[in-house]
Amino acid sequence: MDLVKRITDLREERQWTVYHLAKVAGISQSTLSNLINRGNNPSIDTLEKIAYAFGLTLSQFFNVDEERMYVTGVQKELLDCWNSMDMVQREKTLSYIKGLLSR
């Protein structure tokens, strides 16, 4: 897989500039520009930051054959909260959400 092409494709799909992606990913613009312009493969740490900026896990980033599943930043935050709950909290939260939707 061409990682730089994948990053560029995802960035262009969202109509993001290199600057915007770098800012959201928490990496320097020069690092990202060098990566793209030189065609270098990013480190795992950098790749994780870039994938997370797109709202993707590394698995989703590498999954190009199947239908893409994008998770927005807010959805990722909700999933992180959900994963930190115990079963009782999850049941209460699910009941609350269902109650909101039934109105």
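Residues numbered from 1 in each chain as written. Predicted model: local features only at pLDDT ≥ 70, side-chain atom pairs only at ≥ 80, totals over all residues. Heavy atoms only, no water.

Q: Help me understand the nonpolar core, please; the structure alone is not making it clear to me.
A: Nonpolar side chains in soluble globular proteins generally cluster together in the buried interior. The biggest cluster of nonpolar side chains holds 20 residues, and the ones touching the most others in it are Ile 7, Leu 21, Leu 32, Ile 50, Phe 54 and Phe 61. Only helix H1 (3-13), helix H2 (18-25), helix H3 (29-38) and helix H4 (44-53) provide two or more residues apiece to this core. Ignoring any residue separated from it by four or fewer positions in sequence, one finds Leu 21 in contact with Ile 7, Arg 11, Trp 16, Leu 32, Ile 50, Ala 53 and Phe 54. (Core = buried A, V, L, I, M, F, W, Y, C linked by side-chain atoms within 4.5 Å. Buried < 20%, exposed > 50% of the residue type's maximum accessible area, 1.4 Å probe, protein only. Helix = DSSP H or I, 4+ residues; strand = E, 2+ residues; numbered from the N terminus. Contact = heavy atoms within 4.5 Å.)

Q: Sorry if this is basic, but what is going on with the packing of H2 against H4 here?
A: Any two packed helices are characterised by how steeply their axes cross, that is the angle between the axes, and by the distance between the axes. Where H2 contacts H4, the axes come no closer than 8 Å and their chain directions differ by 105°. Judged by the angle between their axes, H2 and H4 are roughly perpendicular. On the side of H2, the interface is formed by Leu 21, Val 24 and Ala 25, while H4 contributes Lys 49, Ile 50 and Ala 53. Looking at the contact of H2 with H4 residue by residue, the classes come out as five nonpolar, no polar and one charged. (Axes fitted to C-alpha atoms, helices over the stretch in contact; angles between N-to-C directions. Parallel < 35°, antiparallel > 145°, perpendicular 65-115°, else oblique. Nonpolar A, V, L, I, M, F, W, Y, C, P; charged D, E, K, R; others polar.)

Q: What is the right way to read H4 from this model?
A: Count 3.6 residues to each turn of an α-helix, and residues three or four apart come out pointing the same way. Among all positions in H4, only Thr 46, Leu 47, Ile 50, Ala 51 and Ala 53 are buried. The arc that holds every buried residue of H4, seen down its axis, measures 160°, which confines them to one face. The secondary structure elements touched by the buried residues of H4 are H1, H2, H3 and helix H5 (58-62). Immediately beyond the C-terminal end of H4, within one or two residues, lies Gly 55, with a positive phi of roughly 80°. (Arc of directions from axis to C-beta.)

Q: So what exactly am I meant to see when it comes to the pattern of salt bridges here?
A: Following the criterion strictly, the structure yields four salt bridges and no others. Notably, a salt bridge pairs Asp 9 with Lys 5, separated by 2.9 Å at the nearest N-O pair. Placement of the pair is Asp 9 and Lys 5 together in helix H1, with a separation of four residues, close to one helical turn. Given a relative accessible area of 46%, Lys 5 falls into the partly exposed group. Glu 13 is paired through a salt bridge with Arg 14; the nearest N and O atoms lie 4.0 Å apart. A relative accessible area of 22% means that Arg 14 is categorised as partly exposed. (Salt bridge = Lys/Arg side-chain N within 4 Å of Asp/Glu carboxyl O.)

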